[in-house]
Each structure stands twice: as structure tokens, then as C-alpha cells.
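Residues per chain are reported as follows:
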Amino acid sequence: MNDSPLLLSIAVLGGTGREGKGLAYRWAKVGYHVFIGSRSPDKAKAAAQELWKMLAGNALVEGLSNQEAAQKADIVVLTVPYAAHRETLESVKDLLKGKLLIDVTVPITPPKVTKVQMPPAGSAAQEAKQILGEGSEVAAAFQNISHEHLLQDQDVDCDVLVTGTSKDARNETLKLVSAAGLTGWDAGPIENSVILEGLTSVLININKQYGSTHAGIKITGVNKT
Ligand SMILES: NC(=O)c1ccc[n+]([C@@H]2O[C@H](COP(=O)([O-])OP(=O)(O)OC[C@H]3O[C@@H](n4cnc5c(N)ncnc54)[C@H](OP(=O)(O)O)[C@@H]3O)[C@@H](O)[C@H]2O)c1
């Protein structure tokens, strides 16, 4: 992992979608070089252009294929539906060597989104670690942040719990959480991602029952210094 004081570049695979585009917006806004990845480079370019315009041209944001984006960036963020998780990871696996993967995927398959559905690996993030193999660094984050919060400039009143395969992986991810204007917490090893991914179904359930669209969570009882 990179200790450079310069801002790292970030690829957002599936960054044409709701969650990925929102994260890309927030990172591009604070000066990160963001590569939007897609199965279709044209679609990625259109998404990048949209963000560039939203940021009045003050942004380094490019649209590329998922593979080119993964190759060019220092850190790779995965924001695709679970149905595309394995296939997307397999398609970039060789390009991720030595790079941190931040997995945002929640292993739910519509229409059963209000019920926790965990894969045999334990969680999507643990499955990502299995796919990428020994030596890979994977963090899991943002599963509990609705996309509705991201593509705008208001403060977000919910926290991001970060798990990962190492303290370095979690710290690097926490920097990006903070850069996105969110409050992050180190939630421990990647095995704990099962709770955070599962929590998304609980939040969707709450949204449905109480007529909301963006329920979130907040950690209380801790003084952050
Ligand atoms: N939406 C939220 O509020 C939210 C919140 C927390 C976590 N998440 C998680 O974040 C991930 C992305 O959610 P999203 O709502 O952003 O999803 P989305 O908008 O439906 O899809 C994101 C992108 O994934 C790619 N994609 C879609 N279907 C695919 C397929 N079958 N094969 C390969 N690529 C495919 C598409 O990119 P291209 O067509 O450009 O390749 C699409 O733009 C999911 O795992 C979700 O559970 C979402």
C-alpha cells in the first residue's frame, strides 16, 4: 500500500451506477483522480462527463472499462450488484495485485432484499478475498450508506463501519470515508463484514416499514479524538 502524501487515484468499478457514482462524486470533489469503470467505456465516459459537469470542471474524472480503471488506479472500489460480483472480480483479478480492494457489495438478490442472504464464504467481502487469493488486501465499507446521500453536498447523518484484512487496509479505507465527508469507524477484521452486509437488509426492511428511503446507523457512546 502507498504512503505517499499525494492523493491516490481511485477506480470505481460499476461507477456508472447509483452507489458508485455517488462515491466517485464525493472523491472527485475533494481532488482525487477518479476512474469510473464500466463494462461499457462509452457508458463510463458519459458518467464521468456528468460528474465533471456537476463539479463545474474542477475534477479529475475519467470513464474507462473496468479493466483499464483497475489497472490505472492505486485503490479499487467495487460497486456492482452481487449477481455481478464474482464475474467482475475475475475480470480484474490479475490487475489488482498489490492494490487495496474496497468492496461495497451487499450479497442480496432482488426481490428478496429485506432478508439477509449470505454466501458460503461468509460475506461478499470474504468471497472477494477468496477470489483475489493469498496476499490480497480487501476492505468492506459503505454497505449501510444509501446512494441517496451521496450525489449531493449535504452532511450525512450516518456512519460507515469499515472491516478489512489488515489494519493498513482499514486505515486506508477510513481515509477515503473521511474524504467522502463521512464518519468512519474501524470495525475490525474482514470476518465482521458479515454483520455490516447483513445490516443492509435490516435497514431496507426499516425503510419499507417506516416509509423512508435512507435509514442508516450511528455509533454512540464513544468519544472520537
Ligand atoms: N444503492 C444503494 O443505496 C446501495 C447502498 C449500499 C450498498 N450498495 C451496494 O452497492 C452495489 C451497487 O449498488 P447500486 O445500487 O449502485 O447498483 P446498480 O446501480 O444497479 O449497478 C451498479 C453498476 O453495476 C454494473 N452492473 C449492473 N448489473 C451488472 C451485471 N449483471 N454484470 C456486471 N455489471 C453489472 C452496472 O455498470 P455497467 O453497466 O456500467 O457495467 C451498474 O451501473 C450493490 O452490491 C449494492 O448492494 C448499494
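Provided above is the structure to which this section pertains.
For the structure given in this document, a descriptive report is provided here. Keep in mind that what you see is a predicted model, and the values were worked out from it rather than measured.

Turning our attention to the site of the ligand. Not every one of the 20 residues close to the ligand is listed here, only the nearest: Thr16, Ser38, Arg39, Lys43 and Val80. The contact in question runs from an oxygen atom of the ligand to an N or O atom on the side chain of Arg39, over 2.8 Å. Taking Lys43, its side chain carries an N or O atom lying 2.6 Å from an oxygen atom of the ligand. Look at the ligand: alone it shows 880 Å² of surface, and the protein chains cover 79% of it. Here the residues of the shell around the ligand are counted per class, giving 7 nonpolar, 9 polar and 4 charged.

Here Val138 shows up in strand 6 (residues 137-140). Relative accessible area serves as the criterion here: at 0%, Val138 is assigned to the buried category. Sequence spacing of Val138 and Ser201 is 63 residues, and the spatial spacing of their C-alpha atoms is 22 Å. The residues touching Val138, leaving out its near neighbours within four places in the chain, are Leu100, Leu101, Ala125, Ala128, Lys129, Leu132, Gly164, Thr165, Ala169 and Ile190.

Here the focus is unusual backbone geometry. Here the residue pair Pro110 and Pro111 is connected by a cis peptide bond, since its omega of 10° sits within 30 degrees of zero. Looking at where Pro111 falls in the secondary structure, it is placed in the loop between strand 5 (100-103) and helix 5 (124-132). In this structure, Ala56 takes a positive phi of about 55° despite not being glycine. Taking the relative accessible area as the measure of exposure, Ala56 reaches 61% and is therefore exposed.

Turning to the side chain of Thr163, a few remarks are in order. For Thr163, the location among the structural elements is in strand 7 (residues 159-164). Judged by its relative accessible area of 0%, Thr163 falls in the buried class.

Time to look at the sheet that holds strand 2 (residues 33-38). With mixed pairing, the 8 strands of this open sheet are ordered in space as 3-2-1-4-5-6-7-8. Strands at the two margins of the open sheet, each flanked by one partner only, are strand 3 (60-65) and strand 8 (183-189). Taken pair by pair, the neighbouring strands of this sheet meet at an average axis angle of 25°, ignoring direction. Sheet analysis places strand 1 (residues 9-13) next to strand 2, joined by 5 bridges and oriented parallel. When the bridges of strand 2 are listed, Ala11 appears paired with Phe35.

The next subject is the nonpolar core. If you look at the biggest cluster of nonpolar residues, it comprises 39 residues, and the most contacted ones within it are Trp27, Val34, Ile36, Ile102, Phe142, Val160 and Leu182. For this core, the elements supplying multiple residues, two or more each, are strand 1, helix 1 (18-29), strand 2, helix 2 (41-54), strand 4 (75-78), strand 5, strand 7 and helix 6 (167-179). In terms of nonpolar packing, the next biggest core, distinct from the first, is built from 21 residues, Phe35, Val92, Leu132 and Ile190 among them.

Right, let's get into the pattern of salt bridges. A full pass over the atoms with the stated rule returns 8 salt bridges. Put simply, Lys218 and Asp159 hold a salt bridge, and the shortest N to O gap is 3.3 Å. Here Asp159 lies in strand 7 and Lys218 lies in the segment after helix 7 (193-210), a separation of 59 residues in the sequence. Using a relative accessible area of 46% as the deciding quantity, one classes Lys218 as partly exposed. The partner of Lys175 in a salt bridge is Glu172, and the shortest N-O contact between them spans 3.6 Å.

Here is what the cut-offs are and how they apply
- Residues numbered from 1 in each chain as written.
- Predicted model: local features only at pLDDT ≥ 70, side-chain atom pairs only at ≥ 80, totals over all residues.
- Heavy atoms only, no water.
- Near = heavy atom within 4 Å.
- Polar contact = N/O pair within 3.5 Å; in protein donor to acceptor, adjacent residues only side chain to side chain.
- Areas by Shrake-Rupley, 256 points an atom, 1.4 Å probe, with all protein chains shown as cover.
- Nonpolar A, V, L, I, M, F, W, Y, C, P; charged D, E, K, R; others polar.
- Helix = DSSP H or I, 4+ residues; strand = E, 2+ residues; numbered from the N terminus.
- Buried < 20%, exposed > 50% of the residue type's maximum accessible area, 1.4 Å probe, protein only.
- Contact = heavy atoms within 4.5 Å.
- Pairing = 2+ DSSP bridges.
- Axes fitted to C-alpha atoms, helices over the stretch in contact; angles between N-to-C directions.
- Core = buried A, V, L, I, M, F, W, Y, C linked by side-chain atoms within 4.5 Å.
- Salt bridge = Lys/Arg side-chain N within 4 Å of Asp/Glu carboxyl O.

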